[in-house]
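An overview of the molecular structure
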Amino acid sequence: MTKQNEIVGVLGAGAMGRGIVQIALQAGCPVRLFDMNRAAMEEAAGFIGKMLDRSAEKGQMDQAAADAAKANLTLADSLEGFADCTVVVEAILENLDVKKQVFADLEAIVSDDCILTTNTSSLSVTAIAAACKKPGRVAGFHFFNPVPLMKVVEVVKALMTEDWAIDRLNALANAMGHRPVGAKDTPGFLVNHAGRAYYTEGFRILSEGVAEYPVIDDVLRDACGFRMGCFELLDLTGLDVSFPVMVSIWQQFFNEPRYVPNPLAPQRVAAGLYGRKTGRGFYEYADGKRSTFPRAPAPTALPKAVWAAKASTEVQDIVTALAKANGVSVVSEPGDGVVSIVSPIGKDATTTALELGIDPANTVAIDPLFGLATHRTLMTTPVTRPEIRDGAHALFATAAEAVTVIHDSPGFIAQRVIACIVNVGCEIAQQRIATPDDINAAVRLGLGYPKGPLEFGDALGASTVLGILDAMYAFYGDPRYRASAWLKRRALLGVSLTTPEG
């Protein structure tokens, strides 16, 4: 544990405040904690002491260091206890007027070079700073719960925040063992802003009847690599918490179509289906365990013949291998009774069949970009014959990989969700809200995505992502799917989405 020069004041002894105190103490900082509720403050101090002792027991620090850290904590009797602090972190209720008053009060107590920060997740840091005589030393310092485990902190630069304050906060964050990610003071800052597409596009897919929510979650988890599907995640965070954030960010961006919420969400909020906390959300919960949805067994009747379009070599190879292993004929031309396999990118099965001049009734599409080795997604047209659908399902299910069949949708499930995630990340970069590196790190660490938005885009290729978005935009005519200029230019240039501008 390295001793730090900063003396940290933390205002608020709730879950966030106590977590910030703990990591500041572990960084060797003297800490002053104040809360209007003395009992809550003392309870927090006891909890923090136990956490430090537990860290010592786990070998994360020695006991002498834990004891020294505990001795570095002072419980203040009032805001006056912050007089010698060099950094103050406010972590109280989300009320702009209250925060403005607190910051004005702090300015009369602390020295001129003390940095005043807010842990707000939803309010304008610029608006808070506007109440101060020295707005240049006011910034956002937004941690995530649980603070000791979520190793990222947003360092938010308000309109008048000066660079020296940001530099010191970055150094303090690093000393605390957290990755600082810089963000301009915009709605949702960086993490909540970048996370919009996962929820809203999942809701859009659900509302279109493309698939039920357990199926959507299965694809996102098993084909894309997310730890949880979007509806599992909403159950964990609580829809009563997540939905107001969706609405707030959408409204603060003046009804930007990329962030528009879905009417299914307020219906579920009105019904009290919040998630784990109420025992029922999208899923039901008993004794902390989530209900499971039984999956119908795959059909077993194999097709007599199959034809694969040439769009995806990998899909062609898979179809050929499966057909050969199961005695199914591979024909050179589509025909009546022949299962026609297509592999569109961004388009739906109907459009693809008509463009290829094949019978939509014999057509089944497979996602060529996600899950070919883990969770294959098949898609039918509205007129695909049941025996054609089931024959394709049976053929792909002869391998060990899971197979899901969905209704027609431009971009299947995975393509459209990932493309929207990439597009929002690109727009954050385009608006210079954060650097490409910080965007990727913030999303991986703050949201637990397997890749950052721009990393997802680079894995697919900027031109591929642009193609998906353009195809969805052409089909729906919805500006939700218009591509960011950041994405368009890099697709045209053939360069990485993480390439910054000079």
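Data block above holds the structure.
Residues numbered from 1 in each chain as written. Predicted model: local features only at pLDDT ≥ 70, side-chain atom pairs only at ≥ 80, totals over all residues. Heavy atoms only, no water.

1. Considerations on the environment of Pro382
- In this structure, Pro382 sits in the loop between β15 (375-380) and α15 (386-397).
- The spatial distance from the C-alpha of Pro382 to the C-alpha of Gly346 is 17 Å, given a sequence separation of 36 residues.
- Each residue touching Pro382, except ones within four places of it in the same chain, is listed here: Thr350 and Asp408. (Helix = DSSP H or I, 4+ residues; strand = E, 2+ residues; numbered from the N terminus. Contact = heavy atoms within 4.5 Å.)

2. Points about the pattern of salt bridges
- If you walk through the whole model with that rule in mind, you get 33 salt bridges.
- Between Asp77 and Arg38 there is a salt bridge whose closest N-O contact spans 3.1 Å. Pair noted here: Asp77 is in the loop between β3 (73-75) and β4 (87-90) and Arg38 is in helix α2 (residues 38-57), with a separation of 39 residues, a long-range link.
- Residue Glu355 is joined to Lys347 by a salt bridge in which the shortest nitrogen-to-oxygen separation is 2.9 Å.
- Residue Lys347 is classed as partly exposed on the basis of its relative accessible area, which comes to 32%.
- It is possible to trace a salt-bridge network through shared partners that takes in Glu201, Arg204, Glu208, Arg416, Asp478 and Arg480. (Salt bridge = Lys/Arg side-chain N within 4 Å of Asp/Glu carboxyl O. Buried < 20%, exposed > 50% of the residue type's maximum accessible area, 1.4 Å probe, protein only.)

3. Re the pairing of strand β2 (residues 31-34)
- Side chains Val31 and Leu33 project from β2 onto one buried face, and the interleaved Arg32 and Phe34 project onto a second face that is buried too.
- Both strand β1 (residues 8-11) and β2 contribute to a ladder of 4 bridges, which runs parallel. Bridge pairing in β2 places Val8 opposite Val31.
- Following the backbone out of β1, through helix α1 (residues 15-26) and into the adjacent parallel β2, one traces a crossover that is right-handed.
- When β2 meets β3, the two strands line up parallel, connected through 3 bridges. Of the residues in β3, the one forming a bridge with Arg32 is Thr74. (Pairing = 2+ DSSP bridges. Right-handed = clockwise from strand over helix to strand, strands pointing away.)

4. Thoughts on the sheet that holds β15
- Read from one edge of the open sheet, 6 strands run β12-β11-β13-β14-β15-β16, paired in mixed fashion. Edge positions in the sheet fall to β12 (329-330) and β16 (402-406), since each has one partner strand and no second.
- Bridge count for β15 against β16 is 5 bridges, and the pairing is parallel. In the sheet register, His375 faces β16, and the bridge partner there is Ala402.
- Of the strands in this sheet, β15 and β16 are in contact with helix α9 (residues 213-222), which crosses β15 at around 135°. (Axes fitted to C-alpha atoms, helices over the stretch in contact; angles between N-to-C directions.)

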